Amino acid sequence: MILYGASGHAKVIIDIYKQLNVTISAIIDDNVKVTSILGCAVHTLDDIDSLSDNLIISIGNNNVRKEIAERLNVEFGNAIHPKAIIDKTSQLGVGTAVMAGSVINSSTVIGKHCIINTSSSIDHDCILEDYVHVSPNATLCGGVNVGQGTHIGAGAVIIPNIKIGKWCVIGAGSVVISDVLDNQKVVGNPARKI
Ligand SMILES: CC(=O)SCCNC(=O)CCNC(=O)[C@H](O)C(C)(C)COP(=O)(O)OP(=O)(O)OC[C@H]1O[C@@H](n2cnc3c(N)ncnc32)[C@H](O)[C@@H]1OP(=O)(O)O
């Protein structure tokens, strides 16, 4: 597996592959000043002869993951921690990472290049579009829809059947009890636009 991105999020992805005994063939970062991470060498894209292995974009920023995913012509892989619980009836897109302790329940569909972060809970019949990040300990109740590129902050709670638009930000600890339009940033309990 090749990792693209060598920041804090990449450390968690590296740990997942160690747990799974998956060999990391290369780690790439655009920042030439980043030369190693957790004892592994980091290269720039120019240093790599070919991207022949599966690749995951190990960068937390949703916009940056989208930009890189659209630029690269490679096969993308997933990173799924062995201690994540994913119901067999749910679906995950390529490039999506699922961290330790997270639970994805029945009939949920998660898009490409998403991050389902540590101990988050995504219940039945949710739909998450591409490039969504669900931060640690966030809870999505049943039937929640989340549009492309939206970031759900740590510990946020989304009550059942809520629709959240594209490229929204839900503040850490917010409680979302009504639909959120595209590009909105909401915080608090109940969550309100800022
Ligand atoms: C493994 C990992 O680390 S994954 C990463 C997880 N990251 C997160 O969960 C971060 C989520 N981010 C937040 O909650 C941020 O506070 C944001 C994005 C919602 C807002 O950030 P900014 O746009 O910089 O807003 P800013 O800090 O200026 O605050 C604006 C107002 O909203 C309030 N506010 C900001 N965040 C919150 C929040 N989470 N809950 C309640 N109120 C909030 C501020 O107090 C401020 O209020 P005021 O105008 O009355 O003083």
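Being a predicted model, the structure only gives us computed values, none of them experimental.

Secondary structure assignment for the protein chain yields two helices and 24 strands. Over its C-alpha trace the protein chain gives a radius of gyration of 17 Å, about what one expects of a compact globule, namely 16 Å for 194 residues. Along the longest, intermediate and shortest principal axes, the C-alpha atoms of the protein chain span 50 × 35 × 25 Å. Here the protein chain holds 194 residues, and the buried ones make up 45% of them. Here the contacts in the protein chain between residues at least 6 apart in sequence split such that 22% fall between residues at least 24 apart.

Taking strand neighbours across the sheet as the criterion, the eight strands line up as β6-β9-β12-β15-β18-β21-β23-β24 in an open arrangement whose pairing is mixed. Edge positions in the sheet fall to β6 (79-80) and β24 (192-193), since each has one partner strand and no second. Across two bridges, strand β23 (residues 185-187) lies against β24 in antiparallel orientation. Residue pairing across strands places V186 opposite K193, the latter belonging to β24.

One open sheet holds the six strands; their spatial order is β7-β10-β13-β16-β19-β22, and the pairing between them is parallel. Because the sheet does not close on itself, it has two edges, and the strands there are β7 (85-86) and β22 (175-176). Examined bridge by bridge, strand β19 (residues 157-158) and β22 share two bridges and lie parallel to one another. Note that in β22 the partner of V157 across the bridge is V175.

The next point concerns the side chain of S120. With respect to the helices and strands, S120 occurs in the loop between β12 (115-116) and β13 (121-122). Given a relative accessible area of 1%, S120 falls into the buried group. A distance of 2.8 Å separates a polar atom in the side chain of S120 from the backbone oxygen of N117. Residues within four places of S120 in sequence aside, it is in contact with G101, S102, V103, V134, S135, N137 and A138.

It helps to recall that an α-helix has 3.6 residues per turn; residues three or four apart then point in one direction. With twelve residues, helix α1 (residues 8-19) should reach 16 Å at 1.5 Å per residue; the first-to-last C-alpha distance of 17 Å fits that figure. Buried residues of α1: H9, A10, I13, I14, I16 and Y17, and no others. End-on, the buried residues of α1 take up no more than an arc of 155 degrees, which puts them together on one face. At the exit of α1 stands N21, carrying a positive phi of roughly 60 degrees.

Moving on to the site of the ligand. Near the ligand there are 14 residues, and of these S135, G153, A154, A172 and K185 occur at the shortest range. Take K185: an N or O atom from its side chain is 2.5 Å from an oxygen atom of the ligand. Within the complex, the protein chains bury 38% of what would otherwise be the 980 Å² of accessible surface of the ligand. When grouped by side-chain class, the residues that make up the shell around the ligand number six nonpolar, seven polar and one charged.

Turning to the nonpolar core, a few remarks are in order. Residues I116, L128, V134, L140, I152, I158 and I170 are the most contacted members of the largest nonpolar core, which totals 26 residues. Residues in contact with I116, not counting those within four places in the same chain, are T96, A97, V98, M99, S102, I104, I110, I122, L128 and V134. Residues A10, I16, I37 and I56 belong to the second largest nonpolar core, which totals 16 residues.

Mean pLDDT for the protein chain: 97, with 100% of residues reaching 70 or above. This prediction of the complex comes with two scores: 0.97 for pTM and 0.98 for ipTM.

Now for the environment of I104. Checked against the element boundaries, I104 lands in strand β10 (residues 103-104). Taking relative accessible area as the criterion, I104 reaches 0% and is therefore assigned buried. C-alpha of I104 to C-alpha of C126: the two residues are 22 residues apart in sequence and 9.2 Å apart in space.

Scanning the model with the defined rule gives zero disulfides in all. As a non-bridged cysteine, C114 has C126 as the owner of its nearest cysteine sulfur, 12 Å distant.

What counts, and where the lines are drawn
- Residues numbered from 1 in each chain as written.
- Predicted model: local features only at pLDDT ≥ 70, side-chain atom pairs only at ≥ 80, totals over all residues.
- Heavy atoms only, no water.
- Helix = DSSP H or I, 4+ residues; strand = E, 2+ residues; numbered from the N terminus.
- Rg over C-alpha atoms; globule rule 2.2 N^0.38 Å.
- Buried < 20%, exposed > 50% of the residue type's maximum accessible area, 1.4 Å probe, protein only.
- Contact = heavy atoms within 4.5 Å.
- Pairing = 2+ DSSP bridges.
- Polar contact = N/O pair within 3.5 Å; in protein donor to acceptor, adjacent residues only side chain to side chain.
- Expected span 1.5 Å × (residues − 1).
- Arc of directions from axis to C-beta.
- Near = heavy atom within 4 Å.
- Areas by Shrake-Rupley, 256 points an atom, 1.4 Å probe, with all protein chains shown as cover.
- Nonpolar A, V, L, I, M, F, W, Y, C, P; charged D, E, K, R; others polar.
- Core = buried A, V, L, I, M, F, W, Y, C linked by side-chain atoms within 4.5 Å.
- pLDDT = per-residue confidence, 0-100.
- Disulfide = S-S within 2.5 Å.

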